[in-house]
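Observations on the three-dimensional arrangement
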Amino acid sequence: MDTSVKYVRGPTTHDRTFLEEVIAQTPVDDPRLAYCVQCGTCGGSCPSGADMDYSPRELFAMIDANMREEVLSSNTPWYCVSCYYCMVRCPQDVHITDVMYTLKRMAVREGFSHESNAKDAPDFSETFIDFVENYGRSFELGLATLYHLRHHPLNAVRMATGMGFDLFRKGRMNLLPTRIENIDQLKAILAEAKAIGGNGDANL
Amino acid sequence: MQTYSYYPGCALERNAAVYHDSLMAVAESLDLTFTEVADWNCCGATEYITIDLIPAYALVGRNLALAAEQNCNGRSLVAPCSACFLNLKKADHYLAQSPELNRKVNQALAAGGLHYEPGSVHVKHLLEIITEDVGFEKVARAVKRPLFGLKIAPYYGCLIVRPVFDGTFDDAEQPTSMDTLMRTIGAEVVDFPAKAQCCGGHMTQISEAVALHLIHQLLKNAVDHGADVIAAICPMCQLNLDAYQDAVNKHYGTNFHIPILYFTQLLGLAFGFGEATMGIGQELVDARPALANIQVKPLKPVKRKRPSKTELPMPPKLQEVRSCLKNE
């Protein structure tokens, strides 16, 4: 679909508005976000909305107003639990959950992701990804250990002695990660995917 | 005999091994065969897409490509984990909708000698194939020891009913397929308005208070409606509700002790498998006291009192409260 300038409303500081950038980097959403009618159904449906700096509706108005820094340094995308309630209820069919993922990626790329009270969330994702990239499978024990030791050492102790130990005792935790057979193939695919523009403007 | 390609997902390898084991036992009773996709990789959960876009879709793309390659007769691909199911289904759907995304993902897959044609793999959730492909009648015929008297809160979570791409098999907000399934095996299904609400996913690791709030809502809702057991269909839901129940009790000063079992474990019990075979005891909140509620005969339906003709109609609960007060 043509994403040219016909729905631009806010003042333009770059070649494209912030709104256009967000739309360009959100697969398939194009250009529904521009049609947000500010009804607030998203915020009203959101299970973690009360803990967000701005409700999704507010955030979309801020995107439209080119408030780049405020949007990208808010905790709202990081507090999205990906439950898709807003998305099935949105009367304009905005792919809200996907927009939140786009905002997270932009925040990480532009260095805003440590501004909010969800500042550890990107590191959790990155630790998770490290295991996937090296083994092809996720690894709960390694993930929990590395992430908590880095960010919440006290939590690591609490988990190792409490719930973590219980799960281990019940045989629900692996001590070593599993590696897939054709890990080289996966690595080649992911390397190529990154070269194509995993973090750049996806222009989808 | 129906055959499916099977994508277990990382959780079913260990943390949710009982889900896999109970499923394999139940599959035999229902004449289902699952062929595991060889050398599948992690679906990326909700993490990969947070950092990288094209690699996240390429990661899922590899699984779809492998499933398509190994799939001889156009079999459907079944995922028992809701997050895996969603990622597979969503990637397939978005690749079909966005030629640009499809081109880039396939360019990446080509680096590994793979190709995926969107739409060539039909992704289904386990609940969907048991309730629709197998059907309630066949399930009923496999029942040997009905779970009479066991009060179950069927918990669907988010990702198998939402988002709606090409029509889901159940309602996005008030699904009922597992309710019917649990009644089919003789159990009593309690009203559970929170049945499709979120368990908090990875928020337990990022902002525990947010997650505990969501888990508390779910546990309270199930307990308020008299459930003995919550039936789960996703390893993430099971883990959050089971392993964090203690943390919820500490945080909110509550005293919840409600076991969370996979729906396949409950099916297996009804099909006559023993508790040990069904992995009962691997949950952190012990299910055995609740399972002792299973009766040999169905409970007699409670007769409703005919409302008095002289009084104003009142909701039943208020009438009960009033009669209690009178007795005092």
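Note that the structure is predicted; figures quoted are calculated from it, not measured.

A word on the pattern of salt bridges
Counting across every chain of the model gives 18 salt bridges over all chains. B:Arg288 is paired through a salt bridge with B:Asp286; the nearest N and O atoms lie 3.0 Å apart. With a relative accessible area of 40%, B:Arg288 lands in the partly exposed category. Relative accessible area serves as the criterion here: at 35%, B:Asp286 is assigned to the partly exposed category. Counted as one network, the salt bridges with shared partners bring together A:Glu21, A:Arg68 and A:Glu110.

Structural notes on the nonpolar core
If you look at the biggest cluster of nonpolar residues, it comprises 150 residues, and the most contacted ones within it are A:Leu103, B:Phe34, B:Ile185, B:Phe263, B:Leu266 and B:Phe271. At 10 residues, helix α3 (residues 54-70) of chain B tops the list of elements feeding residues into this core. When residues no more than four places from it in sequence are discounted, the contact partners of B:Ile185 are B:Val139, B:Val143, B:Pro146, B:Leu147, B:Leu266, B:Leu267, B:Ala270 and B:Phe271. Core analysis: the next-biggest nonpolar cluster, separate from the first, contains 28 residues, A:Met163, B:Ala153, B:Tyr155 and B:Ala222 among them.

Things to note about the domain arrangement of chain B
Residue and element names in this part refer to chain B. According to the domain assignment, chain B consists of domain 1 (2-125) and domain 2 (141-291). Computed from C-alpha atoms alone, the centre-to-centre distance between domain 1 and domain 2 is 24 Å. Contact with domain 1, which involves 25 residues of that partner, is made by 24 residues of domain 2. In total, domain 1 and domain 2 occlude about 2,100 Å² of area from one another, counting both sides; carbon and sulfur atoms represent 74% of this. Sorting the residues of domain 1 by area buried against domain 2 places Val-18, Tyr-19 and Ser-82 first, and these three jointly supply 25% of that buried surface. Where domain 1 meets domain 2, there are 0 salt bridges. At the junction of domain 1 with domain 2, the criterion picks out 3 residue pairs in polar contact (both at pLDDT 80 or more). Those elements that provide at least two residues to the side of domain 1 that touches domain 2 are α1 (17-29) and α4 (82-97).

Overview of the packing of aromatic side chains
As enumerated under the stated definition, the model contains 10 aromatic pairs over all chains in all. Seen from their ring centres, B:Tyr19 and B:Phe263 are 6.4 Å apart, and the 70° between their planes marks the pair as edge-to-face. Here the residue B:Tyr19 occupies a position in helix α1, and B:Phe263 occupies one in helix α13 (residues 263-270), the gap between them amounting to 244 residues. Accessibility classification places B:Tyr19 together with B:Phe263 in one group, the buried group. Through pairs of rings, three or more aromatic residues link up here, namely A:Phe131, A:Tyr135 and A:Phe139. In this structure, B:Arg162 is placed above the aromatic ring of A:Tyr85, and the distance from its NZ or CZ to the ring centre is 3.7 Å.

Description of the interface of chain A and chain B
With 69 residues of chain A at the contact, the number on the chain B side is 68 residues. For the chain A and chain B pair, buried surface summed over both sides reaches about 6,100 Å², with 61% attributable to carbon and sulfur atoms. Summed over the shared surface of chain A and chain B, the result is 4 salt bridges. Across the pair B:Glu173 and A:Arg89 runs a salt bridge, and its minimum N-O distance is 2.6 Å.

Comments concerning the pairing of strand β7 (residues 229-232) of chain B
Residues and elements named next belong to chain B. On β7, burial covers both faces: Val-229 and Ala-231 on one face and Ile-230 and Ala-232 on the other are all buried. Looking at chain direction, strand β5 (residues 151-154) and β7 are connected through 3 bridges and run parallel. Each residue of the ladder has a partner; that of Pro-154, found in β7, is Ala-231. In this sheet, strand β8 (residues 260-262) lies alongside β7 in parallel orientation, the contact comprising 3 bridges. Paired with Ile-230 across the strands is Ile-260, a residue of β8.

Let's talk about the sheet that holds strand β2 (residues 32-36) of chain B
Residues and elements named next belong to chain B. Taken together, the 4 strands give an open sheet; going across it, the order is β2-β1-β3-β4, and neighbouring strands pair in parallel fashion. The open sheet terminates on both sides in strands that have one partner only, identified here as β2 and β4 (123-125). Averaged over all pairs of adjacent strands, the angle between their axes in this sheet comes to 45°, without regard to strand direction. As paired elements, strand β3 (residues 77-79) and β4 share 3 bridges and run parallel to each other. When the sheet's bridge partners are listed, Leu-77 is paired in β4 with Val-123. Against the sheet, α1 contacts β1 (2-6), β2 and β4, and its axis sits at roughly 140° relative to β2.

With respect to the domain arrangement of chain A
The domains assigned to chain A are domain 1 (5-109) and domain 2 (121-197). On a C-alpha basis, the centres of domain 1 of chain A and domain 2 of chain A stand 29 Å from each other.

Comments concerning helix α10 (residues 208-224) of chain B
Residues and elements named next belong to chain B. An ideal rise of 1.5 Å per residue puts 24 Å on 17 residues; α10 measures up with 23 Å between its terminal C-alpha atoms. Buried within α10 we find Val-210, Ala-211, Leu-212, Leu-214, Ile-215, His-216, Leu-218, Leu-219, Asn-221 and Ala-222. Remark: Gly-226 follows α10 within two positions and exhibits a positive phi of approximately 85°.

A few points about unusual backbone geometry
Each neighbour pair has its own omega, and for B:Arg162 with B:Pro163 the value is -15°, a cis peptide bond. Locating B:Pro163 in the fold gives a position in the loop between β5 and α8 (177-184). Even without glycine at this site, A:Gln38 takes up a positive phi of about 60°. Within the secondary structure layout, A:Gln38 lies in the loop between α1 (18-24) and α2 (41-45).

Quick notes on the packing of α4(B) against helix α5 (residues 99-110) of chain B
All names here are of chain B. Where α4 meets α5, the axes come as close as 5 Å, and the angle between the chain directions of the two elements is 115°. Taken together, the axes of α4 and α5 are roughly perpendicular relative to one another. Each of Tyr-94, Leu-95 and Gln-97 in α4 lies in contact with α5, whose residues at this interface are Pro-99, Leu-101, Asn-102 and Val-105. The residue inventory of the contact of α4 with α5, partitioned by class, reads 5 nonpolar, 2 polar and no charged.

Focus on the sheet that holds β5(B)
Pairing in this open sheet of 4 strands is parallel, and the strands run β6-β5-β7-β8 (chain B) from one edge to the other. Since the sheet does not close on itself, it has two edges, and those belong to β6 (188-189) and β8 of chain B, each with one partner.

Reading guide: rules and limits
Residues numbered from 1 in each chain as written. Chains lettered and ligands numbered in written order. Predicted model: local features only at pLDDT ≥ 70, side-chain atom pairs only at ≥ 80, totals over all residues. Heavy atoms only, no water. Salt bridge = Lys/Arg side-chain N within 4 Å of Asp/Glu carboxyl O. Buried < 20%, exposed > 50% of the residue type's maximum accessible area, 1.4 Å probe, protein only. Core = buried A, V, L, I, M, F, W, Y, C linked by side-chain atoms within 4.5 Å. Helix = DSSP H or I, 4+ residues; strand = E, 2+ residues; numbered from the N terminus. Contact = heavy atoms within 4.5 Å. Domains from an automatic or database assignment. Buried area = accessible area lost by both parts, 1.4 Å probe. Polar contact = N/O pair within 3.5 Å; in protein donor to acceptor, adjacent residues only side chain to side chain. Phe/Tyr/Trp six-rings, centres within 6.5 Å; stacked < 30°, edge-to-face > 60°. Lys NZ or Arg CZ within 6 Å of the ring centre and 35° of its normal. Pairing = 2+ DSSP bridges. Axes fitted to C-alpha atoms, helices over the stretch in contact; angles between N-to-C directions. Expected span 1.5 Å × (residues − 1). Parallel < 35°, antiparallel > 145°, perpendicular 65-115°, else oblique. Nonpolar A, V, L, I, M, F, W, Y, C, P; charged D, E, K, R; others polar.

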